Amino acid sequence: MLIEFMKGAGVALGHMFRYLGGKGSVTLEYPEVKREQPAFFRGRHRLQRYENGLERCVGCALCAAVCPSEAIYLEAAENTPEKQVSAGERYAEVYQIHLLRCIFCGFCEEACPENAIVMGPNYELAMDKRTDFIAQKSDMLDAPEKGFGTAHQYDPYISHITPESDKEAKGDPWANKTGTDH
Amino acid sequence: MPDQSNHPALRPGKDEVKFFINGREVVGKKGETIITVAAREGVYVPHYCWHPALSVAGNCRLCLVEIHTPNPKDPTAKPLPAPKPVIGCQTPISPGMHVYTESALTKDCQNGMMEFLLANHPLDCPVCDRGGECMLQRYSMDYGHGHARMVDKKRKFLKPSADPLIDIERNRCIMCTRCVRFNDEVAGDHVMGVFDRGEGNYIGTFGQGPISNIFSGNVIDICPVGCLTSKPFRFKARVWELLQTQSTSIWDASGAKVTHWTRNGKLYRTTPPSRKYHGTYTVNEDTEEFIDNVTRFGSDFSFHEDRWDESRVRVGSTLLPGAYSEALKQAAVGLAKAKLNHGPDALAVVVSPRATMEEGFLAGKFARNVIGTENVDWRLNVSAPDAVHTAITHADGDLEGGFDAVVLINGDFVHTTPTFASRVKEHARIFGRPIIQIGHYHDPYFAQHSKLRFHCAPGETAGALASLAKAVKGDAQAGNLLAKTFNVNAERIEALVAVMKAEHGRALILQNLQDMGGNYLADEVPAAIALKQSLGAAWRYLPVITDRNAFGLPLVGAEPTNKGEGFAAGKLVEQIESGRIRAVLAIGADPLANYPDQPRMLRALDSLEFFVVSDLFASEVTKRAHVFIAAASHLEKSGTYCDVEGNLARINDADPPRGGSRADWETIAGIATLIGSDKFAYKATEEVFREMIKTLAPDFQGSFKGLLLPGPRNDFSIADPGGARNRTPQYNPGDYRVDGAHFRSAGNEVEFAAKTPRAPRSVPAGQYLLAWGRHVQGADYHLDRASIANLLQIPPYVEVNPVDAEKLGAEHLDGGVLTVGEQSYAVEIRVKAGPAPGVIYMPLLAGRVLARYADAPIVSLEVVDSPATTEAAAH
Amino acid sequence: MPAAAYEKVLLPNIEKNETEWLSAYQKGGGYTALRTALGMTPEAITNLVKDAGLRGRGGAGFPTGLKWSFLPKGVGPRYLAINADESEPGTCKDRPLMEQRPHSMIEGIIITCLAIESQQAFVYIRGEYYNSAKVVQKAVDECYAAGILGNNVLGSGKRVDLVVHRGAGAYICGEETALLTSLEGYRGYPKLKPPFPAISGLYGKPTIINNVETVTNVPYILNKGVDWFKSFVHEKSTGLRLLCVSGHVKKPGVYEVPMTYTLREIIYDICGGIRNDHDLKFIIPGGSSVPWLLPDKLDAVCSMEGLQAAGSFLGSAGMMVMDHTVCPVWALTNLSAFYRHESCGQCTPCREGSAWLHKILLRIETGHGQEGDLQMLRSIAGTGPGTGMICGRSICALGDAAAWPVSSALNLYWNEFEEHVKNKGCGYKNKRFWMNKAGNFVNDAFAHKPTWGHAAH
């Protein structure tokens, strides 16, 4: 009986001494230290911008359509020359994700044709109030952590198949043809 | 378009043709095209440019199919492949022909065309408003490549901003020219065309102006791609997010069916009825149910900020918001007290001309059973109530089965009942039926298709109709008189009489009940009915009027039975002033509408002892109420409407009533119950309807559910059965068809003799007689509160005959000043062949511009070159 | 050498370049055929033309007499429209006919009107042919003054009216149904067929459309007889034909030749051979839209059947001859630019296809070709008539015409195309030229926008 007890204490003490040096520890000092997440981690959503500051999201609502838990709500509006928000004609005026509804499946990320919504590494989802769980557009746009995903500049008039070939086709005198200004 | 003779509906002949689709033997009518027969047989042939209501253009080439024709030398041998694939939309079927819609060649053609169409199409589906109901998206899934081979720069056009309602994005256009053909053929307005050439061609409007006709919104629906989209709906929502509610127009008395698209209690758009299509309900781009712009864009008025969605009770001088039940109680108490003090005939119940039949029925029942008076009326807007009553109760015509000839009397039909007018024109145009126009105003909308047009002076129409009746009977003297009245030679009269005399299966006399030329209607209506009666059973009489439920409300007792009483044409004011009426219950009715002396009306309302209003908005009238009851809008209640043809149609609630508002039928029933009646215990409009219909049409077979979408459009079959218009299951799900019962007032066996018409007015030189009519655009104060009301309203304009215009020195779209008595109005002058020489036509815009006159006033018109007026009035 | 001497009848004095007005024409026996025709029944005239085997000279080569007999009986009025909208690149035969012998054409028109019992004829002259229109109008005025046209043709009591109409310079209006739409006053869009114009044409009435050269032949058939006409015969092609030879021959021009000559005889004997005695590279025998021929087909007879056997068409007989200095890719790019510009844009395959073909070709020619471009060209243009994504799928033949040269050039010069793609550009140095806005030829084609583009907007 005592021998068994000593055996067990030996295992525990062995582990204790092995990890005392900090090597191989599986726990973290959480609030101060945060765990690194893999690149494909599906954490809190982020909305991406282009380098020139324009929003990628054009408010197509495909994320809302594909969302299995109907957590996404958005209202679109039209860009004006005075207020150019996104790269297309249209932008999301209201973009909300109900994080209590969200199941973090990542469908929205996949459905997005503009690589605008990505799921970042942030897994801190504790809030004080229920209303805080409704992530507003501003919460998602300029969140501090970096998101993932690469995308090209949105231009609907260029086929996305071989963008390089488009640059090479500049010799075409018809290439820049535009209709008359009606 | 140069050729409109190849309309799909013209195709079917009598003989049966047997041929094969994908190896299956099918039967069609000689002259029918492959695409129509295939669709009827459940074989879908993709198409963009082909539209069942438009002529065949054959330019998208998507309906190319492989055909094999029988060997002429040996019919029993294997059929020979045709040298080329043929287009299904234009190729008539022939006996023994084999059509392959799924062969390798056909698929290759479809595949190739899709690649061509997408070659220059921008990849902006996420931005495009058509996304989700786009035929390009659908077909590229069904028939297209999975990838793009085009690597060159895409074609790009600059974006015009031609139309305030319709957004044109030419980069997305596939040049199917449906919009061009729609405007040419249905809207009768040659305003759109194809410009430039080859790959650079694009659609646009001539003069880069707006598409200014009343049907222009339909190009949004018939555009199969995202080129023409709705500006008011632009980017507001994606179509798959919206909830659809089948309903009917509350503006157009033609009874146009609509679908309201709502989300979260807000109306986003109104379209023609959506149909089941490839498994989902969408606005099919093949829709033939065209609606007018007022219905399309003017149905969202209930979201205006003026809306009072809480009932209010007057305390002292203010109206304090309160509970609905409290308001109802106050109303019941007040009305009961007024009845007790002054007797039942001191009370009046007035309902809106846009009230549902259920509401009209309950209003009548309330007035008679609970109050005990005949003081119930819907005709506050109507200036010639007797004539209108006579006309409505003698109407027996409809468009079912088409017509062989049609006589139009005095009317701006296209602005009174737009959809109805378009159907009349469509039938006449496609089948070459004669349109005869008589009177001092001819609708220019029909001008292209009506050879027989006879102008006469205002007031002479009734006499002319009487003479015509005699002339048709062979009275030569009447013919001469007619020639004199119309100022034409005898041959024209002979031609007219010949058409009237000809053997007709069905012919129609259409009369516009708008107050064209003042009180002449009192003579003209009996004259028109007398003409119909003298012409025999083939002829039917069909009057039209702007008021949506003008044909339904008289049926259900919403006007006094002893005709002549009532509150039409300002009688309400007179009766209040004389002290006969002490209390008024107004159900959505606006006493101010079209009443010339507004301060007098307001004074009269102020003097009322008790005034209950059930309405949507804060207004000069509702502010004077003792009890204001918040009413539910047409999107928040259900009910039945009757259109000018006598078809019933339902409005359906897309949303629950906003705030504390309630439907008007509930309000009437509630007040009645509170006063003490036990006959008003209704739980739903269905119960009201059942009771109502029991008295109306005991043998009515149509189910209540069927009333969702009945109507002339679906039942509009053309004389030849099996016509292309009998849409196939593909386009017309059978579950919508009901046996269309036509509701008409019964017992009209009175022989009408035309009254002796009054002599025409003599007009001093340089002056004109004014004729007017109410446009559907100017119908109502509710419309003013639609989100884009400013775009729907038409500018004050007058129409002048070219003869007069030349005398005046006026040109089309000049500015002018119209002087009526003491008052002057800045107007836009439009030179049109509509009004007779010596007549100026002006639309009456809900009392905004011109007050109502008892008789056609004599006016003068002065031309001013004021670019400001012209510019402001540009659309 | 050409087999036997023959009498040139259509343009006997082409070198003189003078207009033959009414008096001169009548002195030379003009309007005698009309007098003969006035004594004949319509059926007799039609049968005569049928017997002579006259085939349309506009391009399709449809038997003229047969076309006339397609008119439905007893339906009127009937119209005759003369297609003088000669815009096919390489074709220039109607212009000398109208400018030098307008009365010959008018006589043919009147006889045709008699044959088809029409009282109204229209001549639709290409917009750019300002001078031709002026000459024809003057000749028509002369005829009205002399009583040849009008209510009473040469005192016979028959009525023929002739209206000269100028187009606005669209190639598509040379397509017969587009010509009719244009004549009606609408946008020059080809109509859907069926119904064919013989049933429902101009203003919905039965209409015959003939080429200028076709009707000009009719008086000579009447004058000289069917046997004379049939003496120039190769299989089903009969009569003399105006051949417009252009390109790198020593003596380009319009030649009136019988249908029996071979290409070799025409190029080397009549036209004097290739310039600078270069090698012949390829021949476009019938206007720009037909498949090309290599020198190995030089012995093909230049008739409809002969050229068809060789793999091309006689078309409108606008023969273009190219020597070895010509880059076929550049030549083809130039041709497709024409079709891209002239496509009316009504139907999808031609509107999008012609532009796409040109875009790809221009890329290849300017050295921006990619792997797979040639396969793509081939899948769009096909490997021959009736294949590909355009051929046989457009409303009118313009789509076919845009695709045929591409498919034939790819068949003939696949290697050269491949080299263009591989070597990133054209190996034919200093052979390229283009016209700039001032009308001068410049070497660097793509530094300037072509004058025919829409750049002017």
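Caption draft 1: Inspection of the packing of helix α8 (residues 357-371) of chain B against helix α19 (residues 685-696) of chain B at higher detail. Residues and elements named next belong to chain B. For the pair α8 and α19, the least separation of the axes is 10 Å and the interaxial angle reads 70°. One way to sum up the angle between α8 and α19 is to call them roughly perpendicular. The handedness of the crossing between α8 and α19 is left-handed. Facing M357, E358, F361 and L362 of α8, the residues of α19 in contact are T685, V688, F689 and M692.

Caption draft 2: Here's a closer look at the domain arrangement of chain C. Residues and elements named next belong to chain C. Here the domain parsing of chain C yields domain 1 (22-230), domain 2 (241-323) and domain 3 (328-456). For domain 1 versus domain 2, the distance between C-alpha centres works out to 27 Å. Each side of the interface is counted separately: domain 1 has 13 residues, and domain 2 has 17 residues. When its residues are assigned to classes, the side of domain 1 that touches domain 2 shows three nonpolar, five polar and five charged.

Caption draft 3: Quick peek at the confidence of the model for chain A. The predicted model of chain A averages 75 in pLDDT, with 76% of residues at 70 or higher. Low pLDDT, under 50, characterises residues 146-182 of chain A; the predicted model gives this stretch 76 contacts beyond four residues in sequence or across chains.

Caption draft 4: Representation of the pairing of strand β21 (residues 435-439) of chain B. Residue and element names in this part refer to chain B. The element β21 is extensively covered by neighbouring structure, given that five of its five residues are classed as buried. Residues I435, Q437 and G439 of β21 are buried on one face, and the alternating residues I436 and I438, pointing to the opposite face, are buried as well. When β21 meets strand β22 (residues 452-455), the two strands line up parallel, connected through four bridges. Each bridged residue has a counterpart across the sheet, and for I436 the counterpart in β22 is L452.

Caption draft 5: Geometry of helix α12 (residues 461-472) of chain B. Residues and elements named next belong to chain B. The end-to-end C-alpha distance of α12, which contains twelve residues, comes to 16 Å, matching closely the 16 Å that a straight helix rising 1.5 Å per residue would cover. Burial of α12 is extensive: eleven of the twelve residues sit out of reach of the surface. Residues of α12 that are buried: T461, A462, G463, A464, L465, A466, S467, L468, A469, A471 and V472. Of the surrounding elements, those touching the buried residues of α12 are β20 (405-409), β21, α13 (476-486), α14 (490-501) and α15 (521-535). Looking one or two residues past α12, G474 carries a phi angle of roughly 105°, positive in sign.

Caption draft 6: Looking closely at the packing of helix α6 (residues 102-116) of chain C against helix α7 (residues 130-146) of chain C. Residue and element names in this part refer to chain C. Contact geometry for α6 and α7: axes closest at 9 Å, N-to-C directions at 60°. When the axis of α6 is compared with that of α7, the two are oblique. Here α6 and α7 pass one another in a crossing that is right-handed. For the pair α6 and α7, contact is made by P102, H103 and I106 and by V135, V136, A139, V140 and C143, respectively.

Caption draft 7: Just the sheet that holds strand β4 (residues 207-211) of chain C, in detail. Residue and element names in this part refer to chain C. Taken in spatial order, the four strands make up an open sheet running β3-β2-β1-β4, and their pairing is parallel. Of all strands in the sheet, those bounded by a partner on one side alone are β3 (161-166) and β4. Taking each pair of neighbouring strands and ignoring which way they run, the sheet shows an average axis angle of 20°. Relative to β3, strand β2 (residues 120-125) is paired through six bridges, and the arrangement is parallel. Following the sheet pairing, V123 is matched in β3 by V164. Contacting β1 (79-84), β2, β3 and β4, α6 runs over the sheet at an angle of about 150° to β1.

Calculation notes
Residues numbered from 1 in each chain as written. Chains lettered and ligands numbered in written order. Predicted model: local features only at pLDDT ≥ 70, side-chain atom pairs only at ≥ 80, totals over all residues. Axes fitted to C-alpha atoms, helices over the stretch in contact; angles between N-to-C directions. Helix = DSSP H or I, 4+ residues; strand = E, 2+ residues; numbered from the N terminus. Parallel < 35°, antiparallel > 145°, perpendicular 65-115°, else oblique. Left-handed = near helix turned anticlockwise from the far one by under 90°. Contact = placed C-beta atoms within 7 Å. Domains from an automatic or database assignment. Nonpolar A, V, L, I, M, F, W, Y, C, P; charged D, E, K, R; others polar. pLDDT = per-residue confidence, 0-100. Buried ≥ 20, exposed ≤ 12 C-beta atoms within 10 Å, placed from the backbone. Pairing = 2+ DSSP bridges. Expected span 1.5 Å × (residues − 1).

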